[in-house]
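Reading the structure
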Amino acid sequence: MKALCITGADNSTLEAIAAPFYKAGMQPPKSLKREKEVSFARWHQQVGDTLAKKQPIGKLWENLASDLLLVNLESELWGWYEEQSVKALDFWADLEPSIHFLLVCTRPEDELCQKISQTEGSVDAEAFIKEWHQRHKKLLQFYLKHPQRCLLIDAQDALQHLNKQLLLAHDHWQLPLDQETAEQQVETPAESAQAQENAQEQTSGIVSLVAREALKKVSIDITDFYTELRAAQYPLNGLEESEATTRKLFDWLREDIDLTALNQLLTEYRALQQQATLASKLPMLENQSQNIRQQLEEAEEDNKLQLMQLQQVKEELQYYFQKTKSCKLSWKKLPSKKKMLCIRTILISLLKKMPCTRTI
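Structural notes, computed from the coordinates.

Below, the discussion takes up the overall build of the protein. A count of helical and extended segments in the protein gives 15 helices and 4 strands. The buried share of the protein, reckoned over its 360 residues, is 37%. Within the protein, counting contacts between residues at least 6 apart in sequence, those at least 24 apart form 80% of the total. Total accessible area on the protein stands at roughly 22,900 Å², and carbon and sulfur atoms take up 53% of it.

Of note, the phi angle at Lys-54 is positive, near 60°, even though the residue is not glycine. Taking the relative accessible area as the measure of exposure, Lys-54 reaches 76% and is therefore exposed. One non-glycine residue with positive phi stands out, namely Gln-174, at about 50°. Mapped onto the secondary structure, Gln-174 falls in the loop between helix 8 (162-173) and helix 9 (179-183).

This structure, assessed with the given rule, holds 11 aromatic pairs. The interplanar angle of 50° and the centroid separation of 5.6 Å between the aromatic rings of Phe-40 and Trp-78 together place this pair among those described as tilted. Here Phe-40 is found in helix 2 (residues 40-52), whereas its partner Trp-78 is found in strand 2 (residues 77-81), with 38 residues between them in sequence. Here the two residues Phe-40 and Trp-78 agree in accessibility, since each one is buried. Measuring from centroid to centroid gives 4.9 Å for Trp-43 and Trp-92, while their planes differ by 50°, and the two rings are tilted. In this pair, Trp-43 is assigned in helix 2 and Trp-92 in helix 4 (residues 89-95), connecting sequence segments 49 residues apart. Note on Trp-92: relative accessible area 0%, which makes it buried. Every member of this aromatic cluster is reached through a ring pair, and the members are Phe-40, Trp-43, Trp-78, Trp-80, Phe-91 and Trp-92.

Attention now moves to the environment of Trp-132. Assignment of secondary structure puts Trp-132 in helix 6 (residues 125-145). Considering only alpha carbons, one finds Trp-132 and Arg-107, 25 residues apart in sequence, at a separation of 9.1 Å. In contact with Trp-132, not counting residues within four places along its chain, are Thr-106, Arg-107, Pro-108, Glu-111, Ile-222, Phe-225, Tyr-226 and Leu-229. In terms of polar contacts, Trp-132 uses its side chain to reach the backbone carbonyl oxygen of Thr-106, at 3.1 Å.

Spatial strand order, 2-1-3-4: 4 strands in an open sheet with parallel pairing. Single-partner strands in this sheet number two, and they are strand 2 and strand 4 (150-154). On average, adjacent strands in this sheet sit at an angle of 20° to one another, irrespective of strand direction. Against the sheet, helix 1 (residues 11-23) makes contact with strand 1 (2-7), strand 2 and strand 3 (99-105), and its axis sits at roughly 165° relative to strand 2, the strand it touches most. Contacts between helix 8 and the sheet are confined to strand 1, strand 3 and strand 4, with strand 4 contributing the most and set at about 165° to the helix.

Tracing the backbone shows Ile-220 in the loop between helix 11 (206-217) and helix 12 (223-232). Given a relative accessible area of 26%, Ile-220 falls into the partly exposed group. Separated by 90 residues in sequence, Ile-220 and Lys-130 have C-alpha atoms that sit 7.3 Å apart. Sequence-distant contacts of Ile-220, that is, excluding residues within four places in its chain, are made with Glu-126, Ile-129 and Lys-130.

Bringing the pairing of strand 4 into the picture now. The element strand 4 is largely enclosed, with a buried count of 5 among its 5 residues. Every second residue of strand 4 is oriented toward a common face, with Cys-150, Leu-152 and Asp-154 on one face and Leu-151 and Ile-153 on the other, all of them buried. Of the strand pairs in this sheet, strand 3 and strand 4 are connected by 5 bridges, and their pairing is parallel. Its bridge partner lying in strand 4, Val-104 is registered against Ile-153.

When two helices pack together, their arrangement is given by the angle between their axes and by how far apart the axes lie. Packing of helix 2 against helix 3 (residues 59-71) leaves a shortest axis separation of 11 Å and a crossing angle of 160°. Taken together, the axes of helix 2 and helix 3 lie roughly antiparallel to each other. In this structure, helix 2 crosses over helix 3, and the sense of that crossing is left-handed. Along the contact surface, helix 2 presents Phe-40, Trp-43, Gln-46 and Val-47, while helix 3 presents Trp-61, Leu-64, Ala-65 and Leu-68.

The rules behind each value
- All residue numbers refer to position in the chain's written sequence, counted from 1.
- In view of the model being predicted, local features appear only for residues whose pLDDT reaches at least 70, and side-chain atom pairs are presented and counted only at 80 or more, with totals across whole chains, interfaces and linings using the full set of residues.
- The side-chain quantities take in all heavy atoms of the structure and omit both hydrogens and water.
- Strands are runs of DSSP state E lasting at least 2 residues, helices are runs of H or I lasting at least 4, and numbering of each runs from the N terminus.
- The buried label applies to any residue whose accessible area, calculated with a 1.4 Å probe on protein chains only, is under 20% of its type's maximum; exposed applies above 50%, and partly exposed to all values in between.
- For this analysis, residues touch if any pair of their heavy atoms sits within 4.5 Å.
- Every accessible area reported is derived by Shrake-Rupley at a probe size of 1.4 Å, with residue values counting cover from the shown protein chains alone.
- Only Phe, Tyr and Trp rings take part, Trp by its six-membered ring, and two of them pair if their centres are within 6.5 Å. Stacked means planes under 30 degrees apart, edge-to-face means over 60, and tilted covers everything else.
- N or O atoms within 3.5 Å of each other form a polar contact, as long as, within protein, one can give a hydrogen and the other can take it, and as long as residues adjacent in sequence are counted only when both atoms are side-chain atoms.
- Here, strands pair whenever DSSP counts at least two bridges between them.
- To get an axis, a line is fitted to the C-alpha atoms, and for a helix only the part in contact is used. The angle between two axes follows their N-to-C directions and goes from 0 to 180 degrees.
- Our angle categories are set so that under 35 degrees counts as roughly parallel, over 145 as roughly antiparallel, 65 to 115 as roughly perpendicular, and the remainder as oblique.
- Working rule for handedness: look at the near helix, and if it is turned counterclockwise from the far one by less than a right angle, call the crossing left-handed; if clockwise, right-handed.

The analysis is restricted to geometry; functional conclusions fall outside its scope.
Here's what the structure looks like:
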């Protein structure tokens, strides 16, 4: 049995990176069937923070982790992706030596740009860069501790070259993947491709300027660490491209721009984006308004028709009420003999309408 853990970035990125492995024959992880299903995601949600604090998780969760491995024992190659697995790297490495680790690193400038673009208001760059540094420091330390069991790759490079990172893992660990499928050119999923395009737009636009100045204001100097991290990553794009990516951040940080003015510009830019979004929705809203107006007019016509029908029914009821009342008065005024004659006439008429019966 061989197993692969893919972690380091957010789950949407990891999912795209893991997809070619599943297509080439790697089995997805099976869950434990208990009173409540226990999956790898749920296990990490329960114990991730405890492991990050280097505290014991207890026998129950240790046994569940062992059971999660046992339930996948029959698979020749299986694997999971989970961003929370960063907190459990040492645990899994100690628990099972057949697990290999594909560690996916992100670039601080790109990740901060994405965070800024997805967050309304300001972003705490100090807290962000601290979390990024701690997470990637953990990845780098684990890689250096287990170099034979780990591969350190860049998220953007991996998304651009899904088949390269697949073949790299296949050759590095002799994974039992389908060779023909592994060698096929793997297309980047549409969502991931769009995310890359958005990231490139962000890093070349106003958001990147805000992110750049925010990174320069933080108290943590990541330049030396980033150089070491990039050097440890496998260059899926080649050495020259990898070095250019490293220099990009350093060049990025050397330029001086007024952060206050940039934040104000970003606020105005977002307001314009909202106005543009509303403007693009105006034709649709006008059509909806016209449809609603037409429906109201039709409903009003229906109401008028129903009121007319009700008035007609009311008049007919009044007519028949008066007629019945008049008949009652006329009946009371009739002499008894005429009343008996009327009753007799009615009975004879009814008897004539009844079917003939024959008695034997």
